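So you can see what is in the structure, the chains are spelled out below.
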Number of protein chains: 4
Amino acid sequence: MNNSEILAALTEILEQRKKAKPDSSYVASLYDKGIDAILKKVGEEATETVMAAKDFQYHNEDAALRQKLIAEIADLWFHTMILMADQGLSADDVLKELASRFGVSGHDEKAARK
Amino acid sequence: MNNSEILAALTEILEQRKKAKPDSSYVASLYDKGIDAILKKVGEEATETVMAAKDFQYHNEDAALRQKLIAEIADLWFHTMILMADQGLSADDVLKELASRFGVSGHDEKAARK
Amino acid sequence: MNNSEILAALTEILEQRKKAKPDSSYVASLYDKGIDAILKKVGEEATETVMAAKDFQYHNEDAALRQKLIAEIADLWFHTMILMADQGLSADDVLKELASRFGVSGHDEKAARK
Amino acid sequence: MNNSEILAALTEILEQRKKAKPDSSYVASLYDKGIDAILKKVGEEATETVMAAKDFQYHNEDAALRQKLIAEIADLWFHTMILMADQGLSADDVLKELASRFGVSGHDEKAARK
(Lines give C-alpha, C1' and ligand atoms only; values in the text may rest on other atoms or scores of the structure.)
Protein backbone atom coordinates (compact mmCIF):
# COMPACT_ATOMS: atom_id res chain seq x y z
CA MET A 1 0.00 0.00 0.00
CA ASN A 2 1.17 3.50 -0.69
CA ASN A 3 0.79 6.46 1.67
CA SER A 4 -2.47 7.62 0.06
CA GLU A 5 -3.99 4.21 0.62
CA ILE A 6 -2.76 4.04 4.22
CA LEU A 7 -4.20 7.48 5.01
CA ALA A 8 -7.48 6.55 3.31
CA ALA A 9 -7.70 3.28 5.27
CA LEU A 10 -6.96 5.06 8.57
CA THR A 11 -9.52 7.75 7.78
CA GLU A 12 -12.09 5.03 7.10
CA ILE A 13 -11.27 3.24 10.34
CA LEU A 14 -11.65 6.53 12.25
CA GLU A 15 -15.03 7.13 10.62
CA GLN A 16 -16.22 3.62 11.41
CA ARG A 17 -15.26 4.00 15.08
CA LYS A 18 -17.67 6.94 15.33
CA LYS A 19 -20.53 4.47 15.05
CA ALA A 20 -18.97 2.00 17.50
CA LYS A 21 -19.85 1.74 21.17
CA PRO A 22 -17.58 3.70 23.53
CA ASP A 23 -16.19 0.59 25.17
CA SER A 24 -15.53 -1.23 21.91
CA SER A 25 -12.23 0.47 21.08
CA TYR A 26 -9.72 3.07 22.25
CA VAL A 27 -10.73 5.50 19.50
CA ALA A 28 -14.45 5.06 20.19
CA SER A 29 -13.84 5.77 23.88
CA LEU A 30 -11.90 8.95 23.00
CA TYR A 31 -14.76 10.26 20.82
CA ASP A 32 -17.11 9.52 23.68
CA LYS A 33 -14.98 11.41 26.22
CA GLY A 34 -15.01 14.42 23.90
CA ILE A 35 -12.64 16.96 22.41
CA ASP A 36 -10.78 17.81 25.64
CA ALA A 37 -9.71 14.17 26.07
CA ILE A 38 -8.51 14.12 22.45
CA LEU A 39 -6.62 17.43 22.80
CA LYS A 40 -5.00 16.24 26.01
CA LYS A 41 -3.64 13.28 24.06
CA VAL A 42 -2.36 15.56 21.27
CA GLY A 43 -0.41 17.58 23.86
CA GLU A 44 0.83 14.41 25.52
CA GLU A 45 2.06 12.85 22.27
CA ALA A 46 3.80 16.11 21.30
CA THR A 47 5.68 16.03 24.61
CA GLU A 48 6.58 12.37 24.09
CA THR A 49 7.83 13.19 20.58
CA VAL A 50 10.12 15.86 22.04
CA MET A 51 11.41 13.43 24.69
CA ALA A 52 12.01 10.65 22.15
CA ALA A 53 13.84 13.07 19.85
CA LYS A 54 16.12 14.14 22.71
CA ASP A 55 16.89 10.51 23.58
CA PHE A 56 17.65 9.75 19.93
CA GLN A 57 19.85 12.89 19.75
CA TYR A 58 22.02 11.46 22.53
CA HIS A 59 22.05 7.90 21.14
CA ASN A 60 21.69 8.36 17.41
CA GLU A 61 22.97 4.90 16.56
CA ASP A 62 20.34 3.21 18.70
CA ALA A 63 17.79 1.53 16.43
CA ALA A 64 15.26 1.07 19.25
CA LEU A 65 15.30 4.81 20.03
CA ARG A 66 15.00 5.57 16.31
CA GLN A 67 11.91 3.35 16.20
CA LYS A 68 10.60 4.97 19.40
CA LEU A 69 10.80 8.41 17.76
CA ILE A 70 8.91 7.10 14.72
CA ALA A 71 6.28 5.55 17.02
CA GLU A 72 5.79 8.80 18.97
CA ILE A 73 5.36 10.87 15.80
CA ALA A 74 2.93 8.19 14.56
CA ASP A 75 0.99 8.59 17.83
CA LEU A 76 0.98 12.36 17.35
CA TRP A 77 -0.26 12.17 13.75
CA PHE A 78 -2.81 9.55 14.70
CA HIS A 79 -4.30 11.63 17.50
CA THR A 80 -4.49 14.70 15.25
CA MET A 81 -6.37 12.45 12.79
CA ILE A 82 -8.78 11.47 15.58
CA LEU A 83 -9.20 15.19 16.37
CA MET A 84 -9.92 15.88 12.72
CA ALA A 85 -12.38 12.99 12.36
CA ASP A 86 -14.14 14.24 15.49
CA GLN A 87 -14.45 17.70 13.91
CA GLY A 88 -15.46 16.54 10.43
CA LEU A 89 -11.99 17.04 8.94
CA SER A 90 -9.38 14.62 7.61
CA ALA A 91 -5.76 14.17 6.55
CA ASP A 92 -6.87 15.24 3.05
CA ASP A 93 -7.51 18.77 4.36
CA VAL A 94 -4.07 18.95 5.97
CA LEU A 95 -2.19 17.67 2.94
CA LYS A 96 -4.16 19.91 0.58
CA GLU A 97 -3.20 22.85 2.83
CA LEU A 98 0.47 21.86 2.80
CA ALA A 99 0.42 21.33 -0.96
CA SER A 100 -1.05 24.79 -1.59
CA ARG A 101 1.37 26.39 0.84
CA PHE A 102 4.43 25.00 -0.91
CA GLY A 103 3.09 25.43 -4.40
CA VAL A 104 3.17 21.67 -4.74
CA SER A 105 0.96 20.78 -7.67
CA GLY A 106 1.52 18.34 -10.50
CA HIS A 107 3.32 21.06 -12.39
CA ASP A 108 5.37 22.51 -9.52
CA GLU A 109 6.31 19.09 -8.36
CA LYS A 110 8.06 18.45 -11.67
CA ALA A 111 10.05 21.61 -11.08
CA ALA A 112 10.80 20.56 -7.51
CA ARG A 113 12.01 17.16 -8.68
CA LYS A 114 14.57 18.64 -11.08
CA MET B 1 -1.98 15.20 -6.89
CA ASN B 2 -2.89 12.54 -4.39
CA ASN B 3 -1.67 12.40 -0.79
CA SER B 4 1.23 10.07 -1.63
CA GLU B 5 2.47 12.52 -4.23
CA ILE B 6 2.08 15.50 -1.89
CA LEU B 7 4.04 13.74 0.88
CA ALA B 8 6.71 12.68 -1.62
CA ALA B 9 7.02 16.24 -2.96
CA LEU B 10 7.25 17.70 0.57
CA THR B 11 9.85 15.09 1.54
CA GLU B 12 11.88 16.02 -1.51
CA ILE B 13 11.64 19.74 -0.71
CA LEU B 14 12.80 19.03 2.87
CA GLU B 15 15.77 17.05 1.55
CA GLN B 16 16.72 19.78 -0.92
CA ARG B 17 16.67 22.42 1.82
CA LYS B 18 19.38 20.48 3.66
CA LYS B 19 21.81 21.54 0.94
CA ALA B 20 20.58 25.15 0.93
CA LYS B 21 22.28 28.02 2.75
CA PRO B 22 20.82 28.78 6.22
CA ASP B 23 19.52 32.19 5.17
CA SER B 24 17.92 30.95 1.96
CA SER B 25 14.73 29.58 3.51
CA TYR B 26 12.85 29.07 6.76
CA VAL B 27 13.46 25.31 6.70
CA ALA B 28 17.17 25.71 5.94
CA SER B 29 17.50 28.12 8.87
CA LEU B 30 15.77 25.62 11.20
CA TYR B 31 18.17 22.82 10.19
CA ASP B 32 21.04 25.21 10.83
CA LYS B 33 19.76 26.14 14.31
CA GLY B 34 19.57 22.44 15.17
CA ILE B 35 17.23 19.95 16.75
CA ASP B 36 16.25 22.06 19.79
CA ALA B 37 14.91 24.84 17.53
CA ILE B 38 12.92 22.25 15.57
CA LEU B 39 11.53 20.60 18.72
CA LYS B 40 10.58 23.98 20.14
CA LYS B 41 8.49 24.54 17.01
CA VAL B 42 6.87 21.09 17.35
CA GLY B 43 5.79 21.98 20.89
CA GLU B 44 4.62 25.41 19.78
CA GLU B 45 2.52 24.08 16.92
CA ALA B 46 0.97 21.43 19.20
CA THR B 47 -0.09 24.21 21.58
CA GLU B 48 -1.49 26.26 18.69
CA THR B 49 -3.41 23.20 17.46
CA VAL B 50 -5.00 22.84 20.91
CA MET B 51 -5.91 26.54 20.98
CA ALA B 52 -7.37 26.48 17.45
CA ALA B 53 -9.41 23.38 18.31
CA LYS B 54 -10.84 25.10 21.39
CA ASP B 55 -11.78 28.18 19.33
CA PHE B 56 -13.44 25.97 16.70
CA GLN B 57 -15.27 24.06 19.48
CA TYR B 58 -16.89 27.32 20.58
CA HIS B 59 -17.62 28.56 17.04
CA ASN B 60 -18.09 25.40 15.03
CA GLU B 61 -19.88 27.11 12.16
CA ASP B 62 -17.02 29.55 11.60
CA ALA B 63 -15.26 28.63 8.35
CA ALA B 64 -12.22 30.79 9.15
CA LEU B 65 -11.67 28.97 12.48
CA ARG B 66 -12.15 25.62 10.70
CA GLN B 67 -9.43 26.64 8.26
CA LYS B 68 -7.25 27.88 11.14
CA LEU B 69 -7.45 24.45 12.80
CA ILE B 70 -6.45 22.77 9.52
CA ALA B 71 -3.56 25.24 9.15
CA GLU B 72 -2.28 24.58 12.68
CA ILE B 73 -2.37 20.80 12.23
CA ALA B 74 -0.61 21.32 8.88
CA ASP B 75 2.06 23.32 10.73
CA LEU B 76 2.39 20.54 13.30
CA TRP B 77 2.73 17.79 10.67
CA PHE B 78 5.15 19.92 8.66
CA HIS B 79 7.45 20.56 11.63
CA THR B 80 7.45 16.86 12.54
CA MET B 81 8.45 16.23 8.90
CA ILE B 82 11.32 18.72 9.31
CA LEU B 83 12.31 16.87 12.51
CA MET B 84 12.24 13.58 10.66
CA ALA B 85 14.23 14.89 7.68
CA ASP B 86 16.79 16.29 10.13
CA GLN B 87 17.10 12.83 11.71
CA GLY B 88 17.15 10.82 8.48
CA LEU B 89 13.51 9.75 8.74
CA SER B 90 10.43 10.58 6.68
CA ALA B 91 6.63 10.45 6.54
CA ASP B 92 7.01 6.98 4.97
CA ASP B 93 8.32 5.65 8.29
CA VAL B 94 5.38 7.13 10.21
CA LEU B 95 2.71 5.85 7.82
CA LYS B 96 4.33 2.40 7.64
CA GLU B 97 4.23 2.32 11.45
CA LEU B 98 0.56 3.33 11.53
CA ALA B 99 -0.33 0.79 8.83
CA SER B 100 1.34 -2.04 10.73
CA ARG B 101 -0.26 -0.95 13.99
CA PHE B 102 -3.78 -1.06 12.58
CA GLY B 103 -3.25 -4.13 10.49
CA VAL B 104 -3.78 -1.98 7.43
CA SER B 105 -2.42 -3.92 4.49
CA GLY B 106 -3.80 -4.48 1.01
CA HIS B 107 -5.76 -7.40 2.36
CA ASP B 108 -6.97 -5.88 5.62
CA GLU B 109 -7.91 -2.70 3.89
CA LYS B 110 -10.44 -4.59 1.79
CA ALA B 111 -11.97 -5.90 5.00
CA ALA B 112 -11.94 -2.43 6.55
CA ARG B 113 -13.71 -0.95 3.54
CA LYS B 114 -16.62 -3.38 3.69
CA MET C 1 0.33 30.25 56.22
CA ASN C 2 2.02 32.55 53.78
CA ASN C 3 3.38 31.54 50.37
CA SER C 4 6.91 30.96 51.69
CA GLU C 5 5.57 28.54 54.27
CA ILE C 6 3.37 26.74 51.74
CA LEU C 7 6.28 26.30 49.32
CA ALA C 8 8.51 25.12 52.19
CA ALA C 9 5.88 22.61 53.34
CA LEU C 10 5.37 21.30 49.78
CA THR C 11 9.14 21.02 49.28
CA GLU C 12 9.38 19.04 52.49
CA ILE C 13 6.55 16.72 51.46
CA LEU C 14 8.24 16.15 48.09
CA GLU C 15 11.52 15.29 49.86
CA GLN C 16 9.79 12.89 52.26
CA ARG C 17 8.09 11.06 49.40
CA LYS C 18 11.52 10.22 47.98
CA LYS C 19 12.01 7.84 50.91
CA ALA C 20 8.49 6.38 50.59
CA LYS C 21 7.65 3.13 48.84
CA PRO C 22 6.55 3.55 45.19
CA ASP C 23 3.02 2.34 45.87
CA SER C 24 2.53 4.52 48.95
CA SER C 25 1.67 7.74 47.10
CA TYR C 26 1.20 9.30 43.67
CA VAL C 27 4.43 11.31 44.02
CA ALA C 28 6.44 8.31 45.20
CA SER C 29 5.20 6.32 42.20
CA LEU C 30 6.21 9.13 39.83
CA TYR C 31 9.77 9.23 41.26
CA ASP C 32 9.91 5.48 40.83
CA LYS C 33 8.80 5.65 37.19
CA GLY C 34 11.53 8.17 36.51
CA ILE C 35 12.08 11.48 34.80
CA ASP C 36 10.24 10.67 31.56
CA ALA C 37 7.03 9.96 33.49
CA ILE C 38 7.43 13.27 35.34
CA LEU C 39 8.14 15.22 32.14
CA LYS C 40 5.15 13.63 30.43
CA LYS C 41 2.99 15.00 33.25
CA VAL C 42 4.56 18.47 32.92
CA GLY C 43 3.62 18.48 29.22
CA GLU C 44 0.15 17.16 29.99
CA GLU C 45 -0.56 19.78 32.67
CA ALA C 46 0.68 22.57 30.39
CA THR C 47 -1.81 21.40 27.74
CA GLU C 48 -4.58 21.25 30.33
CA THR C 49 -3.69 24.77 31.49
CA VAL C 50 -4.06 26.01 27.90
CA MET C 51 -7.42 24.25 27.53
CA ALA C 52 -8.73 25.57 30.86
CA ALA C 53 -7.64 29.11 29.93
CA LYS C 54 -9.50 28.88 26.62
CA ASP C 55 -12.66 27.67 28.38
CA PHE C 56 -12.39 30.50 30.90
CA GLN C 57 -11.83 32.98 28.04
CA TYR C 58 -15.20 31.99 26.57
CA HIS C 59 -17.00 31.91 29.94
CA ASN C 60 -15.18 34.46 32.06
CA GLU C 61 -17.99 34.82 34.57
CA ASP C 62 -18.00 31.09 35.34
CA ALA C 63 -16.57 30.54 38.82
CA ALA C 64 -16.10 26.80 38.27
CA LEU C 65 -14.00 27.42 35.15
CA ARG C 66 -12.02 30.08 37.01
CA GLN C 67 -11.29 27.48 39.71
CA LYS C 68 -10.46 24.89 37.03
CA LEU C 69 -7.82 27.22 35.57
CA ILE C 70 -6.30 27.76 39.02
CA ALA C 71 -6.31 23.98 39.61
CA GLU C 72 -4.56 23.26 36.30
CA ILE C 73 -1.85 25.86 36.94
CA ALA C 74 -1.48 24.36 40.44
CA ASP C 75 -1.02 20.93 38.80
CA LEU C 76 1.57 22.40 36.45
CA TRP C 77 3.54 24.09 39.24
CA PHE C 78 3.29 20.99 41.40
CA HIS C 79 4.66 18.69 38.70
CA THR C 80 7.55 21.07 38.00
CA MET C 81 8.23 20.93 41.76
CA ILE C 82 8.30 17.12 41.55
CA LEU C 83 10.70 17.43 38.59
CA MET C 84 12.91 19.75 40.64
CA ALA C 85 12.85 17.54 43.73
CA ASP C 86 13.77 14.58 41.53
CA GLN C 87 16.75 16.54 40.17
CA GLY C 88 17.91 18.00 43.49
CA LEU C 89 16.37 21.42 42.86
CA SER C 90 13.49 23.29 44.49
CA ALA C 91 11.12 26.24 44.20
CA ASP C 92 13.76 28.31 45.98
CA ASP C 93 16.01 28.04 42.92
CA VAL C 94 13.21 29.17 40.60
CA LEU C 95 12.17 32.15 42.72
CA LYS C 96 15.77 33.21 43.27
CA GLU C 97 16.22 33.13 39.48
CA LEU C 98 13.08 35.22 38.92
CA ALA C 99 14.09 37.69 41.64
CA SER C 100 17.52 38.22 40.09
CA ARG C 101 16.04 38.53 36.63
CA PHE C 102 13.66 41.30 37.62
CA GLY C 103 16.05 43.06 39.93
CA VAL C 104 13.73 42.19 42.79
CA SER C 105 15.72 42.57 45.98
CA GLY C 106 14.80 44.20 49.25
CA HIS C 107 15.98 47.49 47.83
CA ASP C 108 14.50 47.18 44.34
CA GLU C 109 11.26 45.93 45.72
CA LYS C 110 10.78 49.20 47.58
CA ALA C 111 11.21 51.01 44.27
CA ALA C 112 8.79 48.63 42.56
CA ARG C 113 6.22 49.17 45.28
CA LYS C 114 6.17 52.94 44.89
CA MET D 1 13.84 38.44 50.48
CA ASN D 2 11.90 35.28 51.11
CA ASN D 3 9.70 33.51 48.56
CA SER D 4 6.53 35.26 49.72
CA GLU D 5 8.16 38.62 49.15
CA ILE D 6 9.53 37.63 45.75
CA LEU D 7 6.09 36.40 44.60
CA ALA D 8 4.46 39.57 45.95
CA ALA D 9 7.00 41.77 44.15
CA LEU D 10 6.54 39.87 40.89
CA THR D 11 2.76 40.07 41.22
CA GLU D 12 3.04 43.81 41.74
CA ILE D 13 5.30 44.20 38.71
CA LEU D 14 2.82 42.21 36.59
CA GLU D 15 -0.04 44.45 37.78
CA GLN D 16 1.92 47.63 37.03
CA ARG D 17 2.70 46.45 33.50
CA LYS D 18 -1.04 46.31 32.79
CA LYS D 19 -1.07 50.09 32.89
CA ALA D 20 2.08 50.41 30.78
CA LYS D 21 2.13 51.07 27.04
CA PRO D 22 2.42 47.93 24.88
CA ASP D 23 5.84 48.85 23.57
CA SER D 24 7.27 49.74 26.99
CA SER D 25 8.03 46.17 28.09
CA TYR D 26 7.86 42.52 27.10
CA VAL D 27 5.05 41.82 29.58
CA ALA D 28 3.04 44.86 28.48
CA SER D 29 3.34 43.73 24.84
CA LEU D 30 2.11 40.24 25.77
CA TYR D 31 -0.98 41.62 27.52
CA ASP D 32 -1.64 43.74 24.45
CA LYS D 33 -1.37 40.74 22.09
CA GLY D 34 -3.89 38.91 24.22
CA ILE D 35 -4.45 35.54 25.82
CA ASP D 36 -3.50 33.41 22.80
CA ALA D 37 -0.04 34.98 22.71
CA ILE D 38 0.37 34.30 26.44
CA LEU D 39 -0.83 30.69 26.13
CA LYS D 40 1.50 30.11 23.19
CA LYS D 41 4.36 31.14 25.46
CA VAL D 42 3.16 28.81 28.25
CA GLY D 43 3.23 25.90 25.79
CA GLU D 44 6.62 26.96 24.47
CA GLU D 45 8.19 27.23 27.93
CA ALA D 46 6.77 23.84 28.92
CA THR D 47 8.44 22.30 25.86
CA GLU D 48 11.71 24.07 26.68
CA THR D 49 11.49 22.78 30.26
CA VAL D 50 11.15 19.23 28.93
CA MET D 51 14.13 19.72 26.60
CA ALA D 52 16.30 21.25 29.33
CA ALA D 53 15.42 18.39 31.71
CA LYS D 54 16.43 15.82 29.09
CA ASP D 55 19.77 17.61 28.51
CA PHE D 56 20.40 17.73 32.27
CA GLN D 57 19.45 14.02 32.53
CA TYR D 58 22.28 13.19 30.10
CA HIS D 59 24.80 15.60 31.68
CA ASN D 60 23.79 15.76 35.32
CA GLU D 61 27.12 17.14 36.49
CA ASP D 62 26.90 20.12 34.14
CA ALA D 63 26.25 23.28 36.18
CA ALA D 64 25.26 25.30 33.10
CA LEU D 65 22.58 22.75 32.15
CA ARG D 66 21.37 22.67 35.77
CA GLN D 67 21.02 26.46 35.60
CA LYS D 68 19.32 26.18 32.19
CA LEU D 69 16.69 23.86 33.67
CA ILE D 70 16.07 26.30 36.54
CA ALA D 71 15.79 29.16 34.03
CA GLU D 72 13.26 27.30 31.86
CA ILE D 73 11.07 26.41 34.84
CA ALA D 74 11.35 30.06 35.92
CA ASP D 75 10.17 31.08 32.43
CA LEU D 76 7.28 28.64 32.70
CA TRP D 77 6.19 29.88 36.14
CA PHE D 78 6.60 33.48 35.05
CA HIS D 79 4.41 33.06 31.97
CA THR D 80 1.70 31.31 34.00
CA MET D 81 1.89 34.32 36.36
CA ILE D 82 1.37 36.63 33.35
CA LEU D 83 -1.59 34.45 32.32
CA MET D 84 -3.01 34.73 35.84
CA ALA D 85 -2.49 38.49 36.05
CA ASP D 86 -4.19 38.83 32.66
CA GLN D 87 -7.18 36.87 34.00
CA GLY D 88 -7.39 38.57 37.40
CA LEU D 89 -5.67 35.72 39.27
CA SER D 90 -2.32 35.44 41.01
CA ALA D 91 0.24 33.07 42.53
CA ASP D 92 -1.69 33.37 45.80
CA ASP D 93 -4.59 31.45 44.22
CA VAL D 94 -2.29 28.67 43.03
CA LEU D 95 -0.47 28.26 46.34
CA LYS D 96 -3.72 28.38 48.31
CA GLU D 97 -5.04 25.62 46.04
CA LEU D 98 -1.90 23.51 46.57
CA ALA D 99 -1.99 24.08 50.33
CA SER D 100 -5.60 22.95 50.57
CA ARG D 101 -4.94 19.96 48.34
CA PHE D 102 -2.12 18.68 50.51
CA GLY D 103 -3.72 19.55 53.82
CA VAL D 104 -0.90 22.01 54.38
CA SER D 105 -2.03 24.32 57.14
CA GLY D 106 -0.17 25.64 60.16
CA HIS D 107 -1.18 22.52 62.03
CA ASP D 108 -0.55 19.97 59.29
CA GLU D 109 2.73 21.57 58.48
CA LYS D 110 3.99 20.84 61.98
CA ALA D 111 3.11 17.20 61.44
CA ALA D 112 4.82 17.24 58.06
CA ARG D 113 7.95 18.74 59.54
CA LYS D 114 8.37 16.04 62.17
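Residues numbered from 1 in each chain as written. Chains lettered and ligands numbered in written order. Predicted model: local features only at pLDDT ≥ 70, side-chain atom pairs only at ≥ 80, totals over all residues. Heavy atoms only, no water.

Asker: Describe the interface of chain A and chain B, and please don't skip the residues or the numbers.
Answerer: Of the residues lining the interface, 59 residues belong to chain A; the matching set on chain B comes to 59 residues. When the two sides are added together, the surface that chain A and chain B hide from each other amounts to roughly 5,400 Å², 72% of it contributed by carbon and sulfur. Area buried by chain A at its contact with chain B is led by Asn-3, Trp-77 and Phe-102 of chain A, which between them contribute 13% of it. On inspection of chain A and its partner chain B, the count reaches 17 residue pairs in polar contact (both at pLDDT 80 or more). At the level of elements, helix H1 (3–19), helix H3 (35–58), helix H4 (63–86), helix H5 (91–101) and helix H6 (106–113) of chain A are the ones that each hand at least two residues to the side of chain A that touches chain B. Tallying contributions element by element places H4 of chain A first for the side of chain A that touches chain B, with 15 residues. (Contact = heavy atoms within 4.5 Å. Buried area = accessible area lost by both parts, 1.4 Å probe. Polar contact = N/O pair within 3.5 Å; in protein donor to acceptor, adjacent residues only side chain to side chain. Helix = DSSP H or I, 4+ residues; strand = E, 2+ residues; numbered from the N terminus.)

Asker: Explain the interface of chain D and chain C to me, using residue names and the numbers behind them.
Answerer: Each partner contributes residues to the interface: chain D has 59 residues there, and chain C has 59 residues. Both faces considered, chain D and chain C share a buried interface measuring about 5,400 Å² in area, 72% of it formed by carbon and sulfur atoms. Contact with chain C buries surface across chain D, with Asn-3, Trp-77 and Phe-102 of chain D losing the most and accounting together for 13% of the total. In this structure, the connection of chain D to chain C is made through four salt bridges. Here Asp-75 of chain C makes a salt bridge to Arg-101 of chain D, at a shortest N to O gap of 2.5 Å. On inspection of chain D and its partner chain C, the count reaches 17 residue pairs in polar contact (both at pLDDT 80 or more). Among the elements that take part in the side of chain D that touches chain C, helix H4 (residues 63–86) of chain D stands out by supplying 15 residues, more than any other. (Salt bridge = Lys/Arg side-chain N within 4 Å of Asp/Glu carboxyl O.)

Asker: Tell me about the relation of the copies chain A and chain B, and name the residues and values.
Answerer: For these two chains of identical sequence, chain A goes onto chain B by a turn of 180 degrees and a shift of 0.0 Å along the axis, with RMSD 0.0 Å. The relationship between the two copies is best expressed as a two-fold rotation axis. No C-alpha of chain A approaches the rotation axis more nearly than that of Ser-4 of chain A, which lies at 2.4 Å. A shared interface surface links the copies, since 100% of the contact residues of chain A are contact residues in chain B too. (Least-squares fit on C-alpha atoms with pLDDT ≥ 70 in both.)

Asker: Which residues make up H5 of chain A, and what values do they have?
Answerer: Within H5 of chain A, the full set of buried residues consists of Ala-91, Val-94, Leu-95, Glu-97, Leu-98 and Ala-99 of chain A. Here the buried face of H5 of chain A lies against H1 and H4 of chain A together with helix H1 (3–19) and helix H4 (63–86) of chain B. Backbone geometry just downstream of H5 of chain A places Gly-103 of chain A in the positive-phi region, at approximately 60 degrees. (Buried < 20%, exposed > 50% of the residue type's maximum accessible area, 1.4 Å probe, protein only.)

Asker: Describe in detail the relation of the copies chain D and chain C, supporting the description with residues and values.
Answerer: Think of it as a corkscrew move, a rotation about one axis and a shift along it, taking one chain copy to the other. With an axial shift of 0.0 Å and an RMSD of 0.0 Å, the rotation relating chain D to chain C amounts to 180 degrees. Here 100% of the interface residues in chain D have copies in chain C that are interface residues too; the copies meet face to matching face.

Asker: If you had to explain the pattern of salt bridges to someone new, which residues and values would you point to?
Answerer: Considering all chains together, one arrives at 40 salt bridges over all chains under this definition. Its salt-bridge partner being Glu-44 of chain D, residue Lys-40 of chain B comes within 3.7 Å of it at the nearest N-O pair. Taken together, the residues span two chains, with Lys-40 of chain B in helix H3 (residues 35–58) and Glu-44 of chain D in helix H3 (residues 35–58). For Glu-44 of chain D, a relative accessible area of 8% puts it in the buried group.

Asker: Which residues make up the nonpolar core, and what values do they have?
Answerer: One finds Trp-77 of chain A, Trp-77 of chain B, Trp-77 of chain C together with Trp-77 of chain D to be the most contacted residues of the largest nonpolar core, which totals 148 residues. Those residues in contact with Trp-77 of chain A, other than ones at most four positions away along the chain, are Leu-7, Trp-77, Thr-80, Met-81, Met-84, Ala-91, Val-94 and Leu-95 of chain B. (Core = buried A, V, L, I, M, F, W, Y, C linked by side-chain atoms within 4.5 Å.)

Asker: Lay out empty space enclosed by the protein in plain terms, naming residues and giving numbers.
Answerer: Scanning the model with the defined rule gives four cavities of 30 Å³ or more in all. There is about 180 Å³ of room inside the largest cavity. Of all the secondary structure elements, the ones that give two or more residues to the lining of the largest cavity are H3 of chain A, H3 of chain B, helix H3 (35–58) of chain C together with H3 of chain D. The class makeup of the residues in the lining of the largest cavity is eight nonpolar, eight polar and no charged. (1 Å grid on protein atoms, 1.4 Å probe; cavity = no way out; pocket = protein on both sides within 12 Å on 5 of 7 lines; lining within 4 Å. Points joined across faces, edges and corners; volume = space filled by probe spheres on them. Nonpolar A, V, L, I, M, F, W, Y, C, P; charged D, E, K, R; others polar.)

Asker: Before we move on, could you go through the environment of Arg-101 of chain C and cite the residues and values that matter?
Answerer: Looking at the element boundaries, Arg-101 of chain C is found in helix H5 (residues 91–101). Arg-101 of chain C has contacts with Ala-71, Ala-74 and Asp-75 of chain D, leaving out every residue within four places of it along the chain.

Asker: Quick one: what's the story with the packing of H1 of chain A against helix H5 (residues 91–101) of chain B, residue by residue and with numbers?
Answerer: Contact pair H1 of chain A / H5 of chain B: the axes reach a minimum separation of 10 Å and the direction vectors enclose 45 degrees. Considering their axes alone, H1 of chain A and H5 of chain B lie oblique with respect to each other. Between H1 of chain A and H5 of chain B lies a crossing of left-handed hand. Between H1 of chain A and H5 of chain B, the residues in contact are Asn-3, Ile-6, Leu-7 and Leu-10 of chain A and Asp-92, Leu-95, Lys-96, Leu-98 and Ala-99 of chain B, respectively. Considered class by class, the residues forming the contact of H1 of chain A with H5 of chain B number six nonpolar, one polar and two charged. (Axes fitted to C-alpha atoms, helices over the stretch in contact; angles between N-to-C directions. Parallel < 35°, antiparallel > 145°, perpendicular 65-115°, else oblique. Left-handed = near helix turned anticlockwise from the far one by under 90°.)

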